[in-house]
Each structure stands twice: as structure tokens, then as C-alpha cells.
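Understanding the architecture of this molecule
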Amino acid sequence: MKTKLLFVTVVSLLTCYSLAEVDEVEDEDEISKADIEECQKETGISSEEAQKLSTSKLIQDESNESHRCFIVCIIQKYGLMSNEKLDEELIIKITKTSYEQENKKFGEKKEKFFRKDIKDCNKLGDATEGKCMGGYSAWKCLFMVSIKMAFANIPDNTEPSS
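Residues numbered from 1 in each chain as written. Predicted model: local features only at pLDDT ≥ 70, side-chain atom pairs only at ≥ 80, totals over all residues. Heavy atoms only, no water.

With respect to helix H6 (residues 88-101)
With 14 residues, H6 extends 20 Å between its outermost C-alpha atoms, agreeing within 8% with the 20 Å of an ideal straight helix rising 1.5 Å per residue. Among all positions in H6, only Glu88, Leu90, Ile91, Ile92, Ile94, Thr95, Thr97, Ser98 and Tyr99 are buried. One or two residues past the end of H6 sits Asn103, with phi positive at roughly 55°. (Helix = DSSP H or I, 4+ residues; strand = E, 2+ residues; numbered from the N terminus. Expected span 1.5 Å × (residues − 1). Buried < 20%, exposed > 50% of the residue type's maximum accessible area, 1.4 Å probe, protein only.)

What follows is the structure in C-alpha cells.
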């Protein structure tokens, strides 16, 4: 069940158009294809690379600037990031929705931990150098935090460390 929740959480973050209830989006697939093509053109990668990266949302070779920039572009198109910074409020909203859909509780304590983790991911992004490295590092961190949150058993009497 935890694996299913992890999958739902990560997929929910990646498909935030529907979960964030953006009314102007009529055909999610069509918009996604347009976004992929736009990001592909912006970064100069091949169609094959764009398809592979848009599916995985992670890259094998982090030194590849074009691949990093493509992922950042896609994540920004989803609205999860702006100027290479994760959108904390939207990510929290999507995560709460995802938990509710699985009939799981996303209480105040879990939210505090997750907010701190998102902030830490943005700080990690700030500490990196290289084109698109900050945004990609923050995204990869969020991906790992999502895994941690899916498997975490956070008691109600604990507080996140500073």
C-alpha cells in the first residue's frame, strides 16, 4: 500500500493540472505534448530524448545541461516550479489531495515536515552552480522527499528539526 501511495504522490505532482483543478485546461495530453515540444525546442534535445525524459522526469547524466534544462522546463510548465524554485503551496495542495484520494491522513505534523523538506530542497538548489542545476537539484530533492514521505511514519508528537 505504501508503494501505491508513493506512486500516486509522485504521479500527482507530475500531473498537477488535473489535481490543482485548473479550469482552462481542456485536453491534458494535448497540452503536455505542446509543452514537451516547446521545452524540446528551447533546450535543443532530440524528440527521442524529450520523450524519454518527459516520462522519467529524472536524468542519468546530471552533467548534461540540455537534459537538466529540459526537466526544469517541463516541471515549470506543470507549475510546480518558477525561476527554478519549487512552489511550496501548490505542492502541499497536490500532496493533500493525493493523500485524500488514497483515504490517508496528511495531518499538521506531516505537513510541517514536508514544508521544511521543500524549503530545504529549494536551499539545496540555491547552493548549486551551473545552468539549470539549481532547479534540477531542487526537483530531484523533492522526488526523494516524496519517497521519504510515502514511507514515513511521523508520530503526532514530533516536530521537524531546524
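Details of helix H5 (residues 65-78)
Along its 14 residues, H5 runs 20 Å from first to last C-alpha, staying within 8% of the 20 Å computed at 1.5 Å per residue. Extensive coverage of H5 is indicated by the burial of ten of its 14 residues. Burial in H5 covers these residues: His67, Arg68, Cys69, Phe70, Ile71, Val72, Cys73, Ile74, Ile75 and Tyr78.

Some details on the packing of aromatic side chains
Under the definition given, this model contains two aromatic pairs. Ring geometry for Tyr99 against Phe106: centres 5.0 Å apart, planes inclined by 55°, an arrangement best described as tilted. This pair shows no difference in class: Tyr99 is buried, exactly as Phe106 is. Look at Phe106 and Phe114: their rings are 6.1 Å apart centre to centre, the planes differ by 85°, and that puts the pair in the edge-to-face class. Owing to a relative accessible area of 12%, Phe106 belongs among the buried residues under this scheme. (Phe/Tyr/Trp six-rings, centres within 6.5 Å; stacked < 30°, edge-to-face > 60°.)

Everything listed here is a matter of coordinates, which is why it stays silent on function.
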